[in-house]
Amino acid sequence: DGLRYVVVGDTRSGILAVADTINNHPQATCYIDLFSVNPSVRKAAHEGYFGASVLRQPEWFCFGDELLEGGEYTNPVDYISKILFREHQEKAVGLCITYSMIRRYELYELFADLTRLGDFCVIHVLRNPFECLVSGLQAVQTGVWRSFDKRMPAALHMPVQPASSFVALHIEEHINTRNKLLRCLSDSVELRY
């Protein structure tokens, strides 16, 4: 069957760089953007990996968008299991998912259960939460989300000044999610960025 894994971390923590690096290996795949907050990106990512979905029966992960998803919702546990445990040619298959999606769908126990089954691990990318926040706000400002992509023009990063209450909330959510993952995962690799 091969190895199954997830790459987890906060938005702008370096998880995309890790996922893209894994995707450079000919016997490994790391699915990116299947849990994007943008429904068009989620649909395009899913269909880019698995082919076109049946009309009016979305197979991609749906958050309930009326226009694109017809108000459909997908069970995240079923979706992740279906994606990771379907037949693959690669020896290692994984999924890149952010802290916000892990929090939103309470996926801690799923990942803990999968690690206990064996042939499953978590690649946990750790970065200072304030740096993640600043980088994310600069990406929103410039529209450049993947600075290591040579096809994208270089971005001029301007200073950002988030409200202190916003910063405190982000740091608290980041630390809580990180610590909960670290407590419940028995098999994980930690990469510090």
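Going by the structure above, here's the rest.
Predicted model, so just to flag it, every value in this text is computed and none were measured.

(A) Region of the structure containing the packing of helix α7 (residues 129–142) against helix α8 (residues 164–184). Their axes nearest at 9 Å, the elements α7 and α8 cross at an angle of 120°. The orientation of α7 with respect to α8, classified from their angle, is oblique. In this structure, α7 crosses over α8, and the sense of that crossing is right-handed. Residue-level contacts link Pro129, Phe130, Cys132, Leu133 and Leu137 of α7 to Phe166, Val167, His170, Ile171, His174 and Ile175 of α8. The residue inventory of the contact of α7 with α8, partitioned by class, reads nine nonpolar, two polar and no charged.

(B) Quick look at the nonpolar core. Among the nonpolar cores identified, the biggest contains 30 residues, and Phe35 and Phe111 are the most heavily contacted of them. Of all elements in the fold, only β1 (3–9), α4 (76–84), β3 (92–98), α5 (99–105), α6 (108–117), β4 (120–126) and α8 reach the threshold of two or more residues within this core. Sorting elements by how many residues they give to this core places α6 first, with five residues. Tyr5, Val18, Ala92 and Cys121 belong to the second largest nonpolar core, which has 14 residues in total.

(C) Here's a closer look at unusual backbone geometry. The phi angle at Glu106 is positive, at roughly 50°, despite the residue not being glycine. Mapping Glu106 onto the fold places it in the loop between α5 and α6. Residue Glu106 is classed as partly exposed on the basis of its relative accessible area, which comes to 49%. Here the phi dihedral of Asp119 falls at roughly 55°; this positive angle occurs in a residue that is not glycine. Structurally, the position occupied by Asp119 is in the loop between α6 and β4. Classification of Asp119 by relative accessible area gives exposed; the value is 59%.

Conventions used here
- Residues numbered from 1 in each chain as written.
- Predicted model: local features only at pLDDT ≥ 70, side-chain atom pairs only at ≥ 80, totals over all residues.
- Heavy atoms only, no water.
- Axes fitted to C-alpha atoms, helices over the stretch in contact; angles between N-to-C directions.
- Helix = DSSP H or I, 4+ residues; strand = E, 2+ residues; numbered from the N terminus.
- Parallel < 35°, antiparallel > 145°, perpendicular 65-115°, else oblique.
- Left-handed = near helix turned anticlockwise from the far one by under 90°.
- Contact = heavy atoms within 4.5 Å.
- Nonpolar A, V, L, I, M, F, W, Y, C, P; charged D, E, K, R; others polar.
- Core = buried A, V, L, I, M, F, W, Y, C linked by side-chain atoms within 4.5 Å.
- Buried < 20%, exposed > 50% of the residue type's maximum accessible area, 1.4 Å probe, protein only.

Read these as geometric descriptors, not functional statements.
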